[in-house]
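Fold and contact review
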Amino acid sequence: MYLQKRNRILRQSPAIRAMVAETILRPEQFIAPLFIDEGKGLKTEIASMPGYYRNSLDHTVTEVKELWQMGIKSVLLFIKCPDDLKDNTGREAWNPEGLMQRSIKAIKDAVPEMVVMTDVALDPYSSYGHDGIVENGKIVNDPTVEALVKMSISHAAAGADFIAPSDMMDGRIGAIRAGLETEGFTETGIMSYSAKYASCFYGPFRDALDSAPGFGDKKTYQMDYANREEAVRETLMDVEEGADIVMVKPALSYLDIIRDIKNSVSVPVSAYNISGEYAMIKAAAKMGWINEDKAILETLTSIRRAGADLIATYFAKDAVRLLG
Ligand code: PBG
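The rules we used
- Residue indices follow the written sequence of each chain, beginning from 1 at its first position.
- For a predicted model such as this one, the threshold for reporting local features is a pLDDT of at least 70, and the threshold for listing and counting side-chain atom pairs is 80 or more; totals across whole chains, interfaces and linings nevertheless cover every residue.
- The burial criterion counts other C-beta atoms lying within 10 Å of a residue's C-beta, which is placed from the backbone; the residue is buried at 20 or more, exposed at 12 or fewer, and partly exposed between these limits.
- Strands are runs of DSSP state E lasting at least two residues, helices are runs of H or I lasting at least four, and both sets are numbered from the N terminus onward.
- Strands were regarded as paired on the criterion that DSSP finds at least two bridges between them.
- UniProt positions are given in the numbering used here, feature names are shortened, and annotations may be inferred rather than shown by experiment.
- For every residue pair, C-beta atoms are placed from the backbone, and the pair is scored as a contact if these atoms sit within 7 Å.
- Nearness between a residue and a molecule or strand is assessed with a C-beta atom placed from the backbone; a distance within 6 Å qualifies.
- Under the convention adopted here, Pro, Cys and the residues Ala, Val, Leu, Ile, Met, Phe, Trp and Tyr are nonpolar, Asp, Glu, Lys and Arg are charged, and Gly plus all remaining residues are polar.
- Per-residue confidence from the predictor is reported as pLDDT, a score between 0 and 100.
- Expected helix span is given by 1.5 Å per residue-to-residue step, counting one fewer step than there are residues.
- The directions from the helix axis to the C-beta atoms form the arc being described.
- All axes here are fitted lines through C-alpha atoms, helices being fitted over the stretch that makes contact, and every angle between N-to-C directions spans 0 to 180 degrees.
- Should an angle fall under 35 degrees it is called roughly parallel, over 145 degrees roughly antiparallel, and 65 to 115 degrees roughly perpendicular, with every other angle called oblique.
- By the definition used in this description, the sense in which the near helix is turned from the far one sets the handedness, with an anticlockwise turn below a right angle giving left-handed and a clockwise turn giving right-handed.
- We define the nonpolar core as any set of buried residues of the types Ala, Val, Leu, Ile, Met, Phe, Trp, Tyr and Cys, connected via C-beta atoms lying within 7 Å of each other.

Quick look at the pairing of strand β12 (residues 310-313) now. Along any regular strand, the residues point their side chains to alternate faces of the sheet. Residues Leu310 and Ala312 of β12 are buried on one face, and the alternating residues Ile311 and Thr313, pointing to the opposite face, are buried as well. Looking at chain direction, strand β1 (residues 30-37) and β12 are connected through two bridges and run parallel. By the bridge assignment, phenylalanine 30 is partnered in β12 with isoleucine 311. With four bridges connecting them, strand β11 (residues 269-273) and β12 associate as parallel partners. In the sheet register, alanine 271 faces β12, and the bridge partner there is isoleucine 311.

Laid out in structure tokens, this is it:
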């Protein structure tokens, strides 16, 4: 055959493939989510997330030191709130001595340079397991936003670097930004879960925090997975209201959305490779149906290729190990 152009030339050796690779993974791009429990010396494996643990604060601090040594620059904190502290207002969420606030301080004391991000939503604190306050069976927007502002300020006061609102109430980014400004927290960032979909893939996470909704679902605040343009609209509003980083969540069923958003904004875009996505790879690998290490690298690379600058992932440590 005479061919003018042979595309396989650029694929013929590992060296050439590495030279022309368009997408590169680096440890700095990973955000490691951490689940924190009350108590001491506790390390509980999450049944639906094999190999991932909910740790008491002492173990969490050890873990954060290890993550930092590996080159991971950021953690995203979630706490499991004891049942007796849950109510409909979620008031434990802004207790200055709460587990989240104590965790932020302990982590910043131990590894001051680690970028600490905190999940802001009422679900772990809500007796209904919803992200907002419930009145007459509805999740009410404006009173919830007031609660989220208090929660955000308390995280900033404890030393959080970024507040990460995951609740999908309207107007919360602007209100949180205004609250932070008023209280003098002018260096606290906001990473908004700006396009967060009502997804079945959050199941294992809700096991980890015992935060499944007690009634109904989250479809009146989280987005409908049928929608694409709405994600851009939501995200542009969050940027206007003051988000420093935006996020798409989940990641794998939403790679098109990540790309749309990457093309529409000029702030960094993150994506959350969520619990159900972790569980699927773990389960298939355990059955011997896929190679776990290869699946991790292919998955994370695809999320980056779609347009994510940052990835929150339970595979952060594995990925760093695999990148060697
Ligand atoms: C809480 C929150 C959820 C996740 C992150 N923050 C669950 C939910 O909205 O029900 C999910 C993360 C994951 O599945 O890994 N607002």
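That was the structure; now back to the text.
A separate point is the UniProt feature "active site" (unreviewed entry) in the chain. According to UniProt, the feature "active site" (unreviewed entry) maps to Lys196 and Lys249 in the numbering used here. The annotated residues occupy 54 residues of the chain but converge on a single region, no pair of C-alpha atoms lying more than 4.8 Å apart. Within the secondary structure, lysine 196 sits in strand β9 (residues 189-196). The contact partners of lysine 196, leaving out residues within four places of it in the chain, are Ser166, Met168, Gln222, Met223 and Lys249. Structurally, the position occupied by lysine 249 is in strand β10 (residues 245-249). Beyond its immediate sequence surroundings of up to four residues, lysine 249 is in contact with Tyr193, Lys196, Tyr197, Ala271, Tyr272 and Ile274.

Looking now at the site of the ligand. If you check the shell around the ligand, you find Asp119, Ala121, Asp123, Asp131, Ser166, Asp167, Tyr202, Phe205, Arg206, Lys218, Ile274 and Ser275 and nothing else. Class assignment of the residues belonging to the shell around the ligand gives a composition of four nonpolar, two polar and six charged.

With that out of the way, let us pick up the confidence of the model for the chain. Across the chain, the average pLDDT comes to 97, with 100% of residues at 70 or higher. Overall fold confidence for the complex sits at a pTM of 0.97, while the interface term, ipTM, reaches 0.97.

We now examine helix α7 (residues 229-241). One full turn of an α-helix is made of 3.6 residues, so residues set three or four places apart face in the same direction. Given a rise of 1.5 Å per residue, 13 residues ought to cover 18 Å, and the 19 Å separating the end C-alpha atoms of α7 matches this to within 8%. Taken as a whole, α7 has its buried residues at Ala231, Glu234, Thr235 and Asp238. All buried residues of α7 fall inside an arc of 95° around its axis, so they share one side. Summarising the geometry of α7, the exposed residues directed more than 90 degrees from the buried face are Glu229 and Glu240. Buried-residue contacts for α7 involve α5 (172-182), β9, β10 and α8 (255-264). A positive backbone phi angle near 120° is found at glycine 242, which sits one or two residues after α7.

Attention now moves to the packing of helix α4 (residues 141-158) against α5. Interhelical geometry of α4 versus α5 gives an angle of 45° and a closest axis separation of 9 Å. Judged by the inter-axis angle, α4 sits oblique to α5. Considering the relative orientation of α4 and α5, their crossing is right-handed. For the pair α4 and α5, the contacting residues are Val145, Leu148, Val149, Ser152, Ile153 and Ala156 in the first and Arg172, Ala175, Ile176, Gly179 and Leu180 in the second.

This part covers the nonpolar core. In this structure, Val75, Leu77, Met117 and Ile258 are the most contacted members of the largest nonpolar core, which totals 92 residues. With eight residues, the top contributor of residues to this core is α4. Dropping the residues within four chain positions of it, isoleucine 258 is found in contact with Val248, Ala251, Val269, Ala271, Ile303, Ala306, Gly307 and Ala308.

Another point: the environment of valine 115. Within the fold, valine 115 resides in strand β5 (residues 115-120). With 17 C-beta atoms packed within 10 Å, valine 115 lands in the partly exposed category. Separated by 179 residues in sequence, valine 115 and lysine 294 have C-alpha atoms that sit 28 Å apart. Discounting chain neighbours no more than four positions away, the residues touching valine 115 are Lys73, Ser74, Asp161 and Phe162.

Every buried residue belonging to α5 is among Arg172, Ile173, Ala175, Ile176, Arg177, Gly179 and Leu180, and all of these are buried. Contacts from the buried residues of α5 go to α4, β8 (162-165), β9 and α7. Just past α5, the residue glycine 184 takes up positive phi, approximately 85°.

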